[in-house]
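What follows is each chain in one-letter form.
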Amino acid sequence: ITKEQRALIKLIVDAYNRHQIPQDVAKKLLQEQYSVEENFLLLTEMATSQVQVLVEFTKSIPGFLSLDHEDQIALLKGSAVEAMFLRSAQVFSRKTPNGHSEVLVERIRKSGISEEFITPMFNFYKSIGELHMVPEEQAILTAITILTPDRPYVKDQQAVERLQEPMLDVLRKLCVLQHPQEPQYFARLLGRLTELRTLNHYHAEMLTSWRMNDHKFTPLLCEIWDV
Ligand SMILES: Nc1ccc(C(=O)O[C@H]2C[C@H]3CC[C@@H]2C3)cc1
């Protein structure tokens, strides 16, 4: 790993750690009662703060703010669901058994989300947990997800590739260093991004079913997911 690559890793990891879900949202998960309405409101608040955190993290990715402005929006809208699930998967896998994750699982199960989405969601959380990613890998993998050139409406895909490639190089080297006994680890990480893309479909269905039952979203969630 070169000096420049070490600097890039530090930059991305600091940004990833700097922007975390506010504690007040996390605390509410433990306090509020368990009605379906209350759970939905808590998830809405959590998703809204996850999107805010995503926007701030994305702005810290070197070169992102130099991209065409419309492409910046296209990348954010195209990756919001995946970045959110990547981050919440890490919250689940990192938390101690008696942490918020048990409560969060219960609230997600009783918030009006259909079983057909709950299953793939928790399968994904489990498959991420099994990887035992180090924080550097989590942060760089999230940046790679955001810098996916072939999102809908991206005009200058080459410009996005030029930002994503150095991230992929760094992640490959990190994986070799952190998991020397697992030569396929890097490939497994990228495989998770494929699994992640399948969640976009389920997530869109989830939003539609909530909207059909007249559930209220925040302006930020309406904007990022065109609902
Ligand atoms: N009004 C909304 C509430 C929640 C979401 C959402 O994506 O929630 C995410 C947070 C975790 C629980 C379901 C997913 C993962 C979207 C709109």
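Look above for the structure.
Residues numbered from 1 in each chain as written. Predicted model: local features only at pLDDT ≥ 70, side-chain atom pairs only at ≥ 80, totals over all residues. Heavy atoms only, no water.

### Overview of the packing of aromatic side chains
Step number 1: Taken as a whole and judged by the stated rule, the model has eight aromatic pairs.
Step number 2: Ring geometry for tyrosine 16 against phenylalanine 57: centres 5.4 Å apart, planes inclined by 80°, an arrangement best described as edge-to-face. In this pair, tyrosine 16 is assigned in helix α1 (residues 3–18) and phenylalanine 57 in helix α3 (residues 36–59), connecting sequence segments 41 residues apart.
Step number 3: For the ring pair phenylalanine 40 and tryptophan 210, a centre distance of 4.8 Å and an interplane angle of 70° mean the geometry is edge-to-face. In this pair, phenylalanine 40 is assigned in helix α3 and tryptophan 210 in helix α9 (residues 185–212), connecting sequence segments 170 residues apart.
Step number 4: With a relative accessible area of 4%, phenylalanine 40 lands in the buried category.
Step number 5: A connected cluster of aromatic rings, assembled from ring pairs, spans Phe85, Phe117, Phe122, Tyr125 and Tyr202.
Step number 6: When the ring centre of tyrosine 34 is taken as reference, the NZ or CZ atom of arginine 107 above it lies at 4.4 Å.
Step number 7: It is arginine 211 that lies over the ring of phenylalanine 217; its NZ or CZ is 4.9 Å from the centre. (Phe/Tyr/Trp six-rings, centres within 6.5 Å; stacked < 30°, edge-to-face > 60°. Helix = DSSP H or I, 4+ residues; strand = E, 2+ residues; numbered from the N terminus. Buried < 20%, exposed > 50% of the residue type's maximum accessible area, 1.4 Å probe, protein only. Lys NZ or Arg CZ within 6 Å of the ring centre and 35° of its normal.)

### A short note on helix α7 (residues 135–146)
Step number 1: An ideal rise of 1.5 Å per residue puts 16 Å on 12 residues; α7 measures up with 17 Å between its terminal C-alpha atoms.
Step number 2: Most of α7 is tucked away: 10 of the 12 residues are buried.
Step number 3: When we look at burial in α7, the residues that qualify are Glu137, Gln138, Ala139, Ile140, Leu141, Thr142, Ala143, Ile144, Thr145 and Ile146. (Expected span 1.5 Å × (residues − 1).)

### Points about the site of the ligand
Step number 1: For the ligand, the set of nearby residues contains 17 residues, the closest of which are Thr44, Met84, Phe85, His203 and Phe217.
Step number 2: Here threonine 44 contributes a side-chain N or O atom positioned 3.1 Å from a nitrogen atom of the ligand.
Step number 3: Protein chains shield 100% of the accessible area of the ligand, which is 400 Å² for the free molecule.
Step number 4: Counting residues per element, the ones that place at least two in the shell around the ligand are α3, α4 (69–94) and α9. (Near = heavy atom within 4 Å. Polar contact = N/O pair within 3.5 Å; in protein donor to acceptor, adjacent residues only side chain to side chain. Areas by Shrake-Rupley, 256 points an atom, 1.4 Å probe, with all protein chains shown as cover.)

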